[in-house]
Amino acid sequence: MKWLILFLGIASNASASVLVKIAMTHPRSFPSLRDPMAALTNWPFWLGLALYGGAFLFYAAALARLPLNVAHPVLTSGAIATVALLSVWLFREPFHWNNALGVTLVIAGVVLLTYRVA
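This structure is a prediction, so every number in the text was calculated from the model and none was measured. (Residues numbered from 1 in each chain as written. Predicted model: local features only at pLDDT ≥ 70, side-chain atom pairs only at ≥ 80, totals over all residues. Heavy atoms only, no water.)

Caption draft 1: Up close: the pattern of salt bridges. Summed over all chains, the structure comprises one salt bridge. A salt bridge links Glu93 to Lys21; the shortest N-O distance between them is 3.8 Å. Separated by 72 residues along the polypeptide, Glu93 in the loop between helix 4 (68–91) and helix 5 (97–114) and Lys21 in helix 1 (residues 2–23) bring together distant segments of the chain. (Salt bridge = Lys/Arg side-chain N within 4 Å of Asp/Glu carboxyl O. Helix = DSSP H or I, 4+ residues; strand = E, 2+ residues; numbered from the N terminus.)

Written as structure tokens, this is what we have:
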């Protein structure tokens with residue numbers, strides 16, 4: 001159950017990042033007081049904001065079941081890797097060999113940090 005909670009935190013965090021990116025791309029823009037209707041109708045922004053709140057709640061629930069030195073690196077690196085892959089798939093952003101190496105090293109580092117703890 002503790003790993004499911006952490007996985008849901010990763011999914012919420014990564015989804016929130018993707019939605020905020022969608023909310024900031026044309027034809028949408030950052031919510032402002034000059035154009036309140038645009039701010040109110042920018043549903044990806046508000047859903048992303050809500051998912052960030054959900055990610056925080058999942059993170060807090062994971063901390064009740066896992067040590068901090070496991071939960072934080074796993075959630076952070078999981079979100080980094082997921083966002084890196086989603087940005088290529090959804091936004092056609094470049095993903096060079098050094099990006100793949102960086103994500104691999106981050107995940108390998110987290111595995112080494114958490115191997116005996118969890």
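Caption draft 2: View of the packing of helix 3 (residues 43–63) against helix 4. Running from amino to carboxyl end, helix 3 crosses helix 4 at an angle of 150°, the nearest separation of the two axes being 9 Å. In terms of axis orientation, helix 3 runs roughly antiparallel to helix 4. Like other packed secondary-structure pairs, helix 3 and helix 4 cross with a definite hand, here right-handed. Along the contact surface, helix 3 presents Tyr59, Ala62 and Leu63, while helix 4 presents Leu68, Ala71, His72 and Leu75. Its residues assigned to classes, the contact of helix 3 with helix 4 shows six nonpolar, one polar and no charged. (Axes fitted to C-alpha atoms, helices over the stretch in contact; angles between N-to-C directions. Parallel < 35°, antiparallel > 145°, perpendicular 65-115°, else oblique. Left-handed = near helix turned anticlockwise from the far one by under 90°. Contact = heavy atoms within 4.5 Å. Nonpolar A, V, L, I, M, F, W, Y, C, P; charged D, E, K, R; others polar.)

Caption draft 3: Highlighting the environment of Ala79. Structurally, Ala79 can be placed in helix 4. A sequence separation of 64 residues divides Ala79 from Ser15, and the C-alpha atoms of the two residues are 9.0 Å apart.

Caption draft 4: Geometry of the packing of aromatic side chains. Applying the stated rule across the entire model yields one aromatic pair. Between Phe45 and Trp46 the ring centres are 5.0 Å apart and the planes differ by 85°, which places this aromatic pair in the edge-to-face class. When its relative accessible area of 40% is taken as the criterion, Trp46 is described as partly exposed. Positioned above the aromatic ring of Phe91, the side-chain terminus of Lys21 is 6.0 Å from the ring centre. (Phe/Tyr/Trp six-rings, centres within 6.5 Å; stacked < 30°, edge-to-face > 60°. Buried < 20%, exposed > 50% of the residue type's maximum accessible area, 1.4 Å probe, protein only. Lys NZ or Arg CZ within 6 Å of the ring centre and 35° of its normal.)

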